[in-house]
Every structure is written in structure tokens, then in C-alpha cells.
Amino acid sequence: MEDRYLYKAKTTPKEKGEFNNVWVVGNLIVSNGKYYIHPVGNVVNVKNEIGRIIVMHEVIPDTICQCTGLKDKNGKLIWENDVVKDLFSDTYAPIRYGSYQNCFDSTKAEHIGFYVDWSGKYTKNYRKDLGYFIHMVDAEAIGNIFDN
């Protein structure tokens, strides 16, 4: 769960450079109405002293995704807005954060957290809570809602 508070987002489009419209992972910083990701682990050797580079990448706010702290069957971190595949039934669904009702909860209580956004015919047949789904089903993160 050490990755639970990481974020990822796509950098803002730039005219040139290697960080043009690419995914960056790190800490989320909001300043003056703009959103930035500060990558973790930027270690550099400066004048024989080990230090950290302070780098912030401006990112597109609509692409900001929080890490769930969970991993799929391949050990890959699962992020908000990732699309997961249930290998038993060959169905796909995105990961969301917010309030949801669990179809197997007899009290019909509202839960808040990460959930699998099953839609249509799957809504009544699948548990939405992400932790249950990842641990009970052979799930795999196959992409995200922004790239594919």
C-alpha cells in the first residue's frame, strides 16, 4: 500500500521535448489553479553530493488518476480510470472513485472508495468493490479510458 498516495497524469502539450503529452507518476501539487506532478525518486549526483532534483510537470487536470494501492494479476499497479478485464467472463470495466452501492449489500448502504464501474447488464451480477474484485477474480489492467 505504499503506492496508495501516488498520482499519474498526462503532461500538457508542449511544442517540443521528451515530456510532451506523456504519463508522469508522482505527488500531485496544485498551485495557482494549475496542476503538477512531482515525480518521486529523482535522485541526482551534484558535485559529489547526492540530492534530489525538484521537477514538476504541468499536467492536464482531466487525466489525473490516483493509485488504488492494489495490483492486478501481473503485479501491475491499478489506477483510477484504468480499464480492468475479468478473465473468467471476458468483460471490461473502468475503475472509478466515489460513492457506490454494492449489489450484494442487503442494507443498500452507500460506500465511498474505488469501485469497478460495471454498466448495463453487468450492474446486477458483479460486486463493485475493487478490493473484492481484484482478489477474487483473475483481473488484469489492460489500459485506461484516455489511451484506449
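Here the structure is a predicted model, which means the values were calculated and not measured. (Residues numbered from 1 in each chain as written. Predicted model: local features only at pLDDT ≥ 70, side-chain atom pairs only at ≥ 80, totals over all residues. Heavy atoms only, no water.)

**Description of the sheet that holds strand β6 (residues 57–58)**
Here is step 1: The antiparallel open sheet is built from 6 strands, whose spatial order is β6-β3-β2-β1-β7-β8. Looking at strand neighbours, the two that pair on one side only are β6 and β8 (77–79), the edges of this open sheet.
Here is step 2: Where strand β2 (residues 23–31) lies against strand β3 (residues 34–39), 6 bridges are found, and the strand directions are antiparallel. Across the sheet, Ser31 pairs through a bridge with Lys34, a residue of β3. (Pairing = 2+ DSSP bridges. Helix = DSSP H or I, 4+ residues; strand = E, 2+ residues; numbered from the N terminus.)

**Overview of the environment of Ala139**
Here is step 1: Within the fold, Ala139 resides in strand β12 (residues 139–144).
Here is step 2: Residue classification places Ala139 among the buried residues on the basis of a relative accessible area of 1%.
Here is step 3: Once the C-alpha coordinates of Ala139 and Tyr92 are considered, the two residues, 47 residues apart in sequence, prove to be 9.7 Å apart. (Buried < 20%, exposed > 50% of the residue type's maximum accessible area, 1.4 Å probe, protein only.)

**Let's talk about the sheet that holds β12**
Here is step 1: Ordered in space as β11-β10-β9-β12, the 4 strands form an open sheet in which the pairing is antiparallel. The outermost strands of the open sheet, each flanked by one partner alone, are β11 (110–116) and β12. Averaged over all pairs of adjacent strands, the angle between strand axes in this sheet comes to 40°, irrespective of strand direction.
Here is step 2: In this sheet, strand β10 (residues 91–101) lies alongside strand β9 (residues 82–86) in antiparallel orientation, the contact comprising 4 bridges. Bridging from a neighbouring strand, Asp86 pairs with Thr91 of β10. (Axes fitted to C-alpha atoms, helices over the stretch in contact; angles between N-to-C directions.)

Treat this as a map of the structure, not an account of what it does.
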